[in-house]
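Here are the chains, one letter per residue:
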Amino acid sequence: MLIDCGTTHNLISVKLVKELELEVTPTNPYFVEVGDEHKIRCQGMYKSLPTELQDLQLRQNCYLFELGF
């Protein structure tokens, strides 16, 4: 999972979603622009992922993206 305060959306690996058998919410296709300005077409999101950062508990919507790990 990638959370970046400098981006518009949080991303989660397609592979991780499949491995954990998470329920994907369909979305319209969207494009993610990566560091070299290349745009990758993606689709789907995982809604309300429980996330804990130190003592802060959040629920994040995460858009599917192959993170390349």
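See above for the structure.
So, a few notes on the structure that sits alongside this text. No experiment lies behind these values; they were computed from the predicted model shown.

Structural notes on the packing of aromatic side chains
Argument step 1. All chains considered together, the criterion is met by one aromatic pair.
Argument step 2. With a centroid separation of 5.2 Å and an interplanar angle of 85°, the aromatic rings of Y30 and Y63 are classed as edge-to-face. With Y30 in strand β2 (residues 30-33) and Y63 in strand β5 (residues 56-65), this residue pair connects regions lying 33 residues apart in the sequence.
Argument step 3. Given a relative accessible area of 15%, Y30 falls into the buried group.

What to know about the side chain of T27
Argument step 1. One can find T27 in the loop between α1 (14-19) and β2.
Argument step 2. A relative accessible area of 18% means that T27 is categorised as buried.
Argument step 3. One polar contact links the side chain of T27 to the main-chain amide nitrogen of G44, over a distance of 2.8 Å.
Argument step 4. Leave out the neighbours within four places in its chain, and T27 touches Q43, G44, M45 and Y63.

Regarding the environment of F31
Argument step 1. Inspection of the secondary structure assignment puts F31 in strand β2.
Argument step 2. Residue class for F31 comes out exposed when judged on its relative accessible area of 57%.
Argument step 3. Taking the C-alpha atoms as reference, F31 lies 14 Å from I12; in sequence the two are 19 residues apart.
Argument step 4. Aside from chain neighbours lying at most four places away, what touches F31 is K39, I40 and R41.

Brief notes about the sheet that holds β5
Argument step 1. One open sheet holds the three strands; their spatial order is β1-β5-β4, and the pairing between them is mixed. With partners counted over all chains shown, the strands left at the sheet margins are β1 (10-13) and β4 (45-53), one partner each. The sheet shows a mean angle of 50° between the axes of neighbouring strands, direction not considered.
Argument step 2. By the bridge criterion, seven bridges tie β4 to β5 in an arrangement that is antiparallel. Its bridge partner lying in β5, L53 is registered against L56.

Quick look at the pairing of β1
Where a strand is regular, its side chains alternate between the two sheet faces.
Argument step 1. On β1, burial covers both faces: N10 and I12 on one face and L11 and S13 on the other are all buried.
Argument step 2. The sheet contact formed by β1 and β5 spans four bridges and is parallel. Within β5, the position partnered with N10 by the bridge is C62.

Rules behind the numbers
Residues numbered from 1 in each chain as written. Predicted model: local features only at pLDDT ≥ 70, side-chain atom pairs only at ≥ 80, totals over all residues. Heavy atoms only, no water. Phe/Tyr/Trp six-rings, centres within 6.5 Å; stacked < 30°, edge-to-face > 60°. Helix = DSSP H or I, 4+ residues; strand = E, 2+ residues; numbered from the N terminus. Buried < 20%, exposed > 50% of the residue type's maximum accessible area, 1.4 Å probe, protein only. Polar contact = N/O pair within 3.5 Å; in protein donor to acceptor, adjacent residues only side chain to side chain. Contact = heavy atoms within 4.5 Å. Pairing = 2+ DSSP bridges. Axes fitted to C-alpha atoms, helices over the stretch in contact; angles between N-to-C directions.

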